[in-house]
Protein chains: 2
Amino acid sequence: MIDSADDPNTDNPGHGDVLPPTNQHVKQYAAVRNAHETELIEDYVELIGDLLKHQGEARSTDIATRMGVSQATVAKMMCRLKSLDLVASKPYRSLFLTQAGEAMAEESSKRHAIVLQFLRALGVSDQTARIDAEGMEHHVSQETLDIMQRFACQLTPGHQREG
Amino acid sequence: MIDSADDPNTDNPGHGDVLPPTNQHVKQYAAVRNAHETELIEDYVELIGDLLKHQGEARSTDIATRMGVSQATVAKMMCRLKSLDLVASKPYRSLFLTQAGEAMAEESSKRHAIVLQFLRALGVSDQTARIDAEGMEHHVSQETLDIMQRFACQLTPGHQREG
DNA sequence: CAAACATTTCAGCCTTGGCTAACTTTAAGG
DNA sequence: CCTTAAAGTTAGCCAAGGCTGAAATGTTTG
Ligand SMILES: [Mn+2]
Ligand SMILES: [Mn+2]
Ligand SMILES: [Mn+2]
Ligand SMILES: [Mn+2]
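Residues numbered from 1 in each chain as written. Chains lettered and ligands numbered in written order. Predicted model: local features only at pLDDT ≥ 70, side-chain atom pairs only at ≥ 80, totals over all residues. Heavy atoms only, no water.

> Explain the coordination of the manganese ion (ligand 3) here, please?
Residue and element names in this part refer to chain B. Only E46 (OE), H112 (ND1), E137 (OE) and E137 (OE) from the protein coordinate the manganese ion (ligand 3), and they sit 2.1 to 2.7 Å from it. Mapped onto the polypeptide sequence, the residues donating to the manganese ion (ligand 3) form the spacing pattern E-x65-H-x24-E. Taken as an interatomic distance, the gap from the manganese ion (ligand 3) to the manganese ion (ligand 4) is 3.5 Å; E137 donates to each of them. Taken together, the residues E46 in helix α1 (residues 22-55) and H112 in helix α4 (residues 99-122) connect sequence positions 66 residues apart. This pair shows no difference in class: E46 is buried, exactly as H112 is. (Donors = N, O, S within 2.8 Å, 3.2 Å for Na, K, Ca; no water. Helix = DSSP H or I, 4+ residues; strand = E, 2+ residues; numbered from the N terminus. Buried < 20%, exposed > 50% of the residue type's maximum accessible area, 1.4 Å probe, protein only.)

Below is the structure:
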């Protein structure tokens, strides 16, 4: 155990300089693993919400097409989402969100929009911003999200709509 | 198939408004899946690099401790990293990076540092910035990274001035 | 030097999230 | 209606990334 025990937190630039204290480091990785557990679920639920909203219906074919995965993969995931009480459906019929599912869709969608708008406000191209936002959204804390929102609002004289 | 047909790319805010065109949407999810394939590898390799740099040695115990994961998990991952020719070691001895591993560690570390500095420059607290950066780093394109770096450079020298 | 302790490895086990292939059900067209 | 195409389901495969528990190896110390 050559493990520091000093407190390298006071003024250093952080990453290229010294290792963060072990317990902090552990928290970082744990947070990422944690996010990984929910992010696919959020993406599926968000997509179902979007399909319902914009096409009136969420069929698993459309989900498979948009996600770029097989229908079997979607079916399995829907099974999981049902068991989590986020999605409901009758066999061979289209999909609906439960109350909890709708709440998750709403929240995910808002967060996604903020991250996307932030990136665009930063000057990132639309195409890239969309790709980056799809991944980043799941790793942005509330604190950071608030800052992003303020930032995007300032630099975007366009529209805004948050509840 | 009520799909596509329209081209919602011209001026709309994007997410809360209409669905992105299918092929764009597919690309987003594909990019995320892609990132997921490499991100754990990058984190392990980066950590090994950091341990080598700051403690002279990378033992799998230390990796397990810092990652917050069992030694068996580390062992399996090291096996994989060896098969990818990123890590080398003799049985029961400590770990080293191959040339390719070092390159990956270097690059990952740089990118991680930029994202972290960017978040701090935005005004995110150190603790939160570290956590968010650990996840975000893997979903930041080169284009976005460049912008982040410029942004952080501009705002960093003066430290933060919050209101 | 041998015992005790720490570290590494190995052999299972589990869940997630992909896939294909075969089957069933539904929806559409003639 | 009946046929057929599309959509949904199911079974079984795989790799990744966690875990435990036990065996093997290194290291320290009495
Ligand atoms: Mn999303
Ligand atoms: Mn996403
Ligand atoms: Mn990193
Ligand atoms: Mn990371």
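> Where do I start with the interface of chain A and chain B in this structure?
Accessible area lost upon the coming together of the parts serves often as the stated size of an interface. Across the contact, 70 residues belong to chain A and 70 residues belong to chain B. Between chain A and chain B, the buried area comes to about 6,100 Å², and carbon and sulfur atoms account for 55% of it. Our count for the chain A to chain B interface comes out at 0 salt bridges. Linking chain A to chain B there are 22 residue pairs in polar contact (both at pLDDT 80 or more). Secondary structure elements with two or more residues in the side of chain A that touches chain B: α1 (22-55), α2 (60-67), α4 (99-122), α5 (126-136) and α6 (142-155) of chain A. For the side of chain A that touches chain B, the element with the most residues is α1 of chain A, which contributes 20 residues. Tallied by class, the residues present in the side of chain A that touches chain B amount to 27 nonpolar, 25 polar and 18 charged. (Contact = heavy atoms within 4.5 Å. Buried area = accessible area lost by both parts, 1.4 Å probe. Salt bridge = Lys/Arg side-chain N within 4 Å of Asp/Glu carboxyl O. Polar contact = N/O pair within 3.5 Å; in protein donor to acceptor, adjacent residues only side chain to side chain. Nonpolar A, V, L, I, M, F, W, Y, C, P; charged D, E, K, R; others polar.)

> How should the nonpolar core be read in this particular structure?
General note: in soluble globular proteins, nonpolar side chains tend to be found buried as a group. Ranked by size, the top nonpolar core spans 34 residues in total, and within it F118, L119 and L122 of chain A together with F118, L119 and L122 of chain B carry the most contacts. When residues of this core are traced back to their parent elements, those giving at least two are α4, α5 and α6 of chain A together with α4, α5 (126-136) and α6 (142-155) of chain B. L119 of chain A has contacts with V124, A129, D132, A133 and M136 of chain A together with T144 of chain B, leaving out every residue within four places of it along the chain. (Core = buried A, V, L, I, M, F, W, Y, C linked by side-chain atoms within 4.5 Å.)

> Would you explain the protein's contact with DNA strand D in this entry?
Close contacts around DNA strand D come from 21 residues, with T61 of chain A together with S70, T73, K76 and R80 of chain B the closest. Within 4 Å of the protein, the atoms of DNA strand D are drawn from sugar and phosphate moieties in a proportion of 71%. At 2.4 Å, a side-chain N or O of T61 of chain A approaches a phosphate oxygen of DNA strand D. Of all the secondary-structure elements, those providing two or more residues to the surface near DNA strand D are α2 and α3 (71-83) of chain A together with α1 and α3 (71-83) of chain B. (Near = heavy atom within 4 Å.)

> Sorry, what's going on with the side chain of E137 of chain B here?
Residue placement: E137 of chain B occurs in the loop between α5 and α6. Discounting chain neighbours no more than four positions away, the residues touching E137 of chain B are D43, E46, S108, R111, H112 and V115 of chain B.

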